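# Examination of the molecular architecture
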Amino acid sequence: MPTFANPVLPGSHPDPSICRVGEDFYLVTSSFTYYPGLPLFHSRDLVDWRPLGHVVHRPSQVSLTGLGVSDGLWAATIRHHEGTFYVVVTLARGRQGSTTFLYTASDPAGPWSDPVTLEAEGIDPSLFFDDDGRCWFTACRDAARPEVTGPGELWMRELDLESLALTGPTHILWHGALRGAWVEAPHVYKRDGVYHLIGAEGGTEHHHAVTAARADAVTGPYTTDPRSPLLTHRHRGAAEPIHNVGHVDLVDTPAGETWAVALGVRPVEGTHTLGREVFLVPVEWTPRGPVFAPDTGRVRLTERLPAGAAAPPHRDTPVRDHFDGAALGPEWNSLRGPVDDLVSPRPGEGGLTVRLSPEPLTSKATPAFVARRQQHLRLSAACRIRFAAGAPTQEAGLAVFKEHDRHATLALTADASGTPHVVLTALENGVATRLAALAVTGSEVVLAVDSDESGYTFRVEDGTWSVLGSIERSFFSTERAGGFVGVYIGLYGTGNGEADAGEAQVRWFEYSPRQAGHREADQP
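Figured I'd write up the structure that's included with this text.

Reading guide: rules and limits
Residues numbered from 1 in each chain as written. Predicted model: local features only at pLDDT ≥ 70, side-chain atom pairs only at ≥ 80, totals over all residues. Heavy atoms only, no water. Helix = DSSP H or I, 4+ residues; strand = E, 2+ residues; numbered from the N terminus. Rg over C-alpha atoms; globule rule 2.2 N^0.38 Å. Buried < 20%, exposed > 50% of the residue type's maximum accessible area, 1.4 Å probe, protein only. Contact = heavy atoms within 4.5 Å. Areas by Shrake-Rupley, 256 points an atom, 1.4 Å probe, with all protein chains shown as cover. Lys, Arg positive; Asp, Glu negative; His and termini not counted. Charge placed at Lys NZ, Arg CZ, Asp CG, Glu CD. Salt bridge = Lys/Arg side-chain N within 4 Å of Asp/Glu carboxyl O. Pairing = 2+ DSSP bridges. Axes fitted to C-alpha atoms, helices over the stretch in contact; angles between N-to-C directions.

## Remarks on the overall build of the chain
When helices and strands are counted, the chain shows two helices and 39 strands. In terms of C-alpha radius of gyration, the chain reaches 24 Å, essentially the compact-globule figure of 24 Å for 524 residues. Taken along its principal axes, the extent of the C-alpha atoms in the chain is 75 × 50 × 45 Å. Considering the chain as a whole, with its 524 residues, one finds that 59% of them fall into the buried category. Pairs at least 24 residues apart make up 58% of the contacts formed inside the chain by residues separated by at least 6 positions. Total accessible area on the chain is roughly 19700 Å²; 48% of this is exposed by carbon and sulfur atoms. One finds the centroid of the 44 positive side-chain charges in the chain at a distance of 3 Å from the centroid of its 63 negative side-chain charges.

## Regarding the pattern of salt bridges
By the definition in use, this model includes 32 salt bridges. Linking Glu510 and Arg320 is a salt bridge whose minimum nitrogen-to-oxygen distance equals 2.9 Å. Remark: Arg320 occurs in strand S25 (residues 319-321) and Glu510 occurs in strand S39 (residues 503-513); sequence separation between them is 190 residues. One continuous salt-bridge network, built from bridges that share partners, spans Arg384, Arg386, Glu444, Glu461 and Arg507.

## Some words on the sheet that holds strand S20 (residues 243-252)
The strands making up a sheet associate through hydrogen bonds between their backbones, and the pairing can be parallel or antiparallel. If you walk across this open sheet you meet the four strands as S20-S21-S22-S23, and the pairing is antiparallel. Of all strands in the sheet, those with a lone pairing partner are S20 and strand S23 (289-292), marking the two edges. Sheet twist, expressed as the average angle between the axes of neighbouring strands with direction ignored, equals 35°. With four bridges connecting them, strand S22 (residues 277-286) and S23 associate as antiparallel partners. By the bridge assignment, Val283 is partnered in S23 with Phe292.

## Quick word on the environment of Asn244
Looking at where Asn244 falls in the secondary structure, it is placed in strand S20. Residue classification places Asn244 among the buried positions, given a relative accessible area of 9%. Sequence separation between Asn244 and Glu147 is 97 residues; the distance between their C-alpha atoms is 27 Å. Non-local contacts of Asn244, meaning those with residues more than four positions away in its chain, are made with Thr204, Glu205, His206, His208, Leu263, Gly264 and Val265.

## A word on the pairing of strand S9 (residues 96-105)
Examined bridge by bridge, strand S8 (residues 84-93) and S9 share nine bridges and lie antiparallel to one another. If you follow Val88 over to S9, its bridge partner there is Leu102. Hairpin connection from S8 to S9: two residues lie between these consecutive antiparallel strands, with Gly94 at a positive phi of about 60°. Where S9 lies against strand S10 (residues 116-118), three bridges are found, and the strand directions are antiparallel. For Leu102, the partnering residue across the bridge sits in S10 and is Val116.

Structure follows, in structure tokens:
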């Protein structure tokens, strides 16, 4: 039986939402304070996903300045109705829902509209278009009477498609199946005249679970599906390769199958660094409702292909970016806003100019930093960089980034005498520790980091290769660092408060997945 490998979107792609238009599938995930925001992907078979663009691609669409890395744009839902694509999303501040935005587009590749602010509280908004064309908005929020119902509730109002405003009364739909647990991630589906409300409970960590309720009318009352939880790995042991399964969205294929996209993580010895990834799970509809993974009851690393799908292409190949296009590729992100004035490719000439910003990576503004998700546990990332620092405060190089207060840098800088050095620094809870320093002969070197099950090893090539040091993998894990994002690896430059601190030239950046037991030899 032909199979594919889960996850279908590796690396930090949390809270997936999906819709289908004809033969085409579209998927959006959370982006938090990374910019451009809300990455959007396209597929014809649910397995091979290609980046299509971003919903948030202009500063006028959102302000992320001042927000922590794990705040920002949370848990969007994408839907299509009569030629228009709709995306609703929460802007979170201080790890709480702040504002709900609605974006629209006639072409999912963009441009997307400036946002409409909806009169909605809570997080995890969703839309449901009923057979009569009416649109219903759902979200989750604190329960009015938590001592009676539990801490959270799912609620609904109608969305007027002319004014793009919520209208009519608020309907309280459901307080979840697991008393004492917050219920979130609501999506409504209609099957054979019955409305099915799918939610998530137990938090987004080990006890994450998919639960459900059903009703004969869209506004309820909803009755808990007694089979809940319908999908979870909370009961499985440490050897299970996928944990924290939940936050699903369902889609029907042209062949008549139903599949779910779900988030999950792949821990190693109890911790994970890649973040929450997108897994594809078969679903079977029965008179009792949806059955997830009907053959096994679990999300698997190897799953059968959807009907009509071909085996996806192999993508675990090295990619070297020479930055010879007019703009950075869709895999690259900055923090909280565009960095076009700080980080810019040189079309035709090749290479990337990084103008040192006064903002360090610890800043909640927009530093001179561009990075891509780490999508493989075993990898080598490297860059060839030229930079002549005028002071020890000036630095440019590679960053392994988890949060603004937890990351590591391998940077070209200078000591007090002006001698060029490469310095390895780790920042934990805002406290920086210099782990190693190496004097180099010139202003151009290759900086590299290798990742595997044990940790991250940092190297520099200045005629010959030297290892500066290693940091254990769990240092960058969500279990140790907290937050909602996985590791990003990229390029940065800062004057640490100094303006006009010069610029660095990056000739290339390479991202190379590696097989188990493989170590790089002479060059990344």
